[in-house]
Amino acid sequence: MDFDRSNYSTNKPVDIAAIGEATTASVLFIALSLVGIVINMFIISVNFHSWIKGQSMNPSDLLIVSLAFSNMVFSVTDGVYTICILVIPFGDVEDQLYLLYIVMVYVLFCNSWLSACLCFYYFVKISNVKPGYLARLKSKINTLVPRLILVAQGFSILNSLFYMPVFFKENVENPTNQTQNITTYRTDDFYNVFFLLINCYIPFLVILVTTSLIIASLYKHTRRMQQNMGEVGGPSLKIHQRAARTMTSLLILYLLFYVVVLGSSLLIKNELLSWVYYLVGCTFSPIQSIILIMGNTRLKKTFVNMLNSCRKTFGEEDNVTT
């Protein structure tokens, strides 16, 4: 994998040199990073405010806050990366981009594991299980979630540190100065596949399996209730359906992201695919954060109230001006 100003993920080079020359595209990428920062700060602040008021945070809230913090770090790093490409002269920024790159690798790994933990938590809480191992796990899952978060963070940090030594420097021709070479970082494709398999595709399988089982279980449960009582279900079923929608949305998001990553590995010379690859990376954090907000009652209610307040405020200003 090349590490230069056109690459920022655990994959082969993304040719954003041409993209960086387009002011509109660069502004778009920075704007998406700012949106991601604001949305994730909203998630963290709402939960922190509730905690200050004495309201307890359940395990799903802890997982969502951890994901929000991870996404915020990703958006900040992504924005700084784009600014570095625009501001710092080519050939003078390799070491800085290398550090940013490692942070992005850590965030990608951590995001994948935390999302898998969230889906696993929903699966254990929602599933109707008979006495056995899963039933015992269900009774202890609330106390296990903080440990899962720590394990996910620690495992991601360790994998990021192990990932750093596999880079080696390589001198390549400077596209702006044919007489002067520049230094880039490369790593063997085997290590890319290995680390992606452990830290991305295994968590994706956890999301896929748990989501599929929950959808199948809820479908059977809903059909049974409709046949026996002619009802769609009560509040409990609605909570389960909301969790299933959140899990399905996360599954689709990660599927899209990994398909683009795989496509960029095979068709990296395609300029359009390179642009899509970078765009998907920039939008990943805000989209995932919106999914988390829509799947959480407290966050969704606060978000809707803020929108209504803004609508009333701007509506009153329009009435005054007219």
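All figures in this text were calculated on a predicted structure; none of them were measured in a lab.

Chemist: How do you make sense of the overall build of the chain when you look at a structure like this?
Modeler: On a plain count of helices and strands, the chain comes out with nine helices and three strands. Each helix and strand of the chain, placed in order from N terminus to C terminus, yields the pattern β-α-α-α-α-α-β-β-α-α-α-α. Burial statistics for the chain: of 322 residues in total, 45% are counted as buried. By sequence separation, contacts in the chain at least 24 residues apart represent 74% of the contacts at least 6 residues apart. Of the accessible surface of the chain, which amounts to about 16900 Å², a share of 67% is contributed by carbon and sulfur atoms.

Chemist: Just checking my understanding: could you explain the pattern of salt bridges for this structure?
Modeler: Here the idea is simple: oppositely charged side chains can pair when their charged atoms come close. For the structure shown, the criterion picks out one salt bridge. Arg298 is the salt-bridge partner of Asp61, the closest N and O atoms lying 3.7 Å from each other. Taken together, the residues span a long stretch of sequence, with Asp61 in helix H3 (residues 59-87) and Arg298 in helix H9 (residues 297-321) at a distance of 237 residues. Accessibility expressed as a relative area gives 22% for Arg298, which makes it partly exposed.

Chemist: Where do I start with the side chain of Gln288 in this structure?
Modeler: Structurally, the position occupied by Gln288 is in helix H8 (residues 271-294). Here Tyr254 takes part through its side chain, which lies 3.0 Å from a polar atom of the side chain of Gln288.

Chemist: Got a minute to help me understand the packing of aromatic side chains in this structure?
Modeler: Given two aromatic rings, their pairing is described by the distance between the two centres and the angle made by the two planes. Following the criterion strictly, the structure yields ten aromatic pairs and no others. With 5.7 Å between their ring centres and 85° between their planes, Phe204 and Tyr258 make a pair best called edge-to-face. Here Phe204, found in helix H6 (residues 189-229), pairs with Tyr258, found in helix H7 (residues 235-266); they are 54 residues apart in sequence, far enough to count as distant. For the pair formed by Phe204 and Tyr258, the shared burial category is buried.

Chemist: Before we go on, may I ask you to explain helix H5 (residues 133-163) in this structure?
Modeler: Here H5 is 31 residues long, yet its end C-alpha atoms lie only 36 Å apart, well below the 45 Å a rise of 1.5 Å per residue gives. The sharpest bend along H5 measures roughly 65° and falls at Ile141.

Chemist: Teacher, can you tell me more about the side chain of Asn111 here?
Modeler: Inspection of the secondary structure assignment puts Asn111 in helix H4 (residues 94-126). For Asn111, a relative accessible area of 2% corresponds to the buried category.

Chemist: Explain the UniProt feature "transmembrane region" (unreviewed entry) in the chain to me, please; I cannot follow it from the model alone.
Modeler: This chain's UniProt record puts "transmembrane region" (unreviewed entry) on residues 27-50, 62-88, 100-124, 144-164, 193-219, 250-269 and 275-294. The span residues 144-164 shows a helical share of 95% and a strand share of 0%, and its end C-alpha atoms are spaced 30 Å apart. A distance of 28 Å separates the end C-alpha atoms of residues 275-294, which is 100% helix and 0% strand.

Chemist: Any chance you could explain the nonpolar core here in plain terms?
Modeler: Side chains of nonpolar character tend, in soluble globular proteins, to be buried together. Core analysis: the biggest nonpolar cluster contains 61 residues, and Ile43, Leu63, Leu118, Tyr122, Ile214, Phe257 and Leu299 have the highest contact counts within it. Among the elements of the structure, helix H2 (23-52), H3, H4, H5, H6, H7 and H8 are those that each provide at least two residues to this core. When neighbours within four sequence positions are excluded, Tyr122 is seen to be in contact with Ser60, Ile64, Ile214, Ala243, Thr246 and Met247. Core analysis: the next-biggest nonpolar cluster, separate from the first, contains eleven residues, Leu32, Cys84, Ile85 and Met104 among them.

Chemist: Hey, could you run me through the confidence of the model for the chain in this one?
Modeler: Any segment with low pLDDT has predicted coordinates that should not be analysed in fine detail. Looking at the chain as a whole, its pLDDT mean stands at 77, while 69% of the residues score no less than 70. Here residues 1-20 is modelled with pLDDT under 50, and outside its nearest four sequence neighbours on either side it reaches 92 contacts, counting other chains as well.

Criteria and thresholds
Residues numbered from 1 in each chain as written. Predicted model: local features only at pLDDT ≥ 70, side-chain atom pairs only at ≥ 80, totals over all residues. Heavy atoms only, no water. Helix = DSSP H or I, 4+ residues; strand = E, 2+ residues; numbered from the N terminus. Buried < 20%, exposed > 50% of the residue type's maximum accessible area, 1.4 Å probe, protein only. Contact = heavy atoms within 4.5 Å. Areas by Shrake-Rupley, 256 points an atom, 1.4 Å probe, with all protein chains shown as cover. Salt bridge = Lys/Arg side-chain N within 4 Å of Asp/Glu carboxyl O. Polar contact = N/O pair within 3.5 Å; in protein donor to acceptor, adjacent residues only side chain to side chain. Phe/Tyr/Trp six-rings, centres within 6.5 Å; stacked < 30°, edge-to-face > 60°. Expected span 1.5 Å × (residues − 1). Bend = angle between axes of the 7 residues up to and from the residue. UniProt positions renumbered as here; feature names shortened; annotations may be inferred. Core = buried A, V, L, I, M, F, W, Y, C linked by side-chain atoms within 4.5 Å. pLDDT = per-residue confidence, 0-100.

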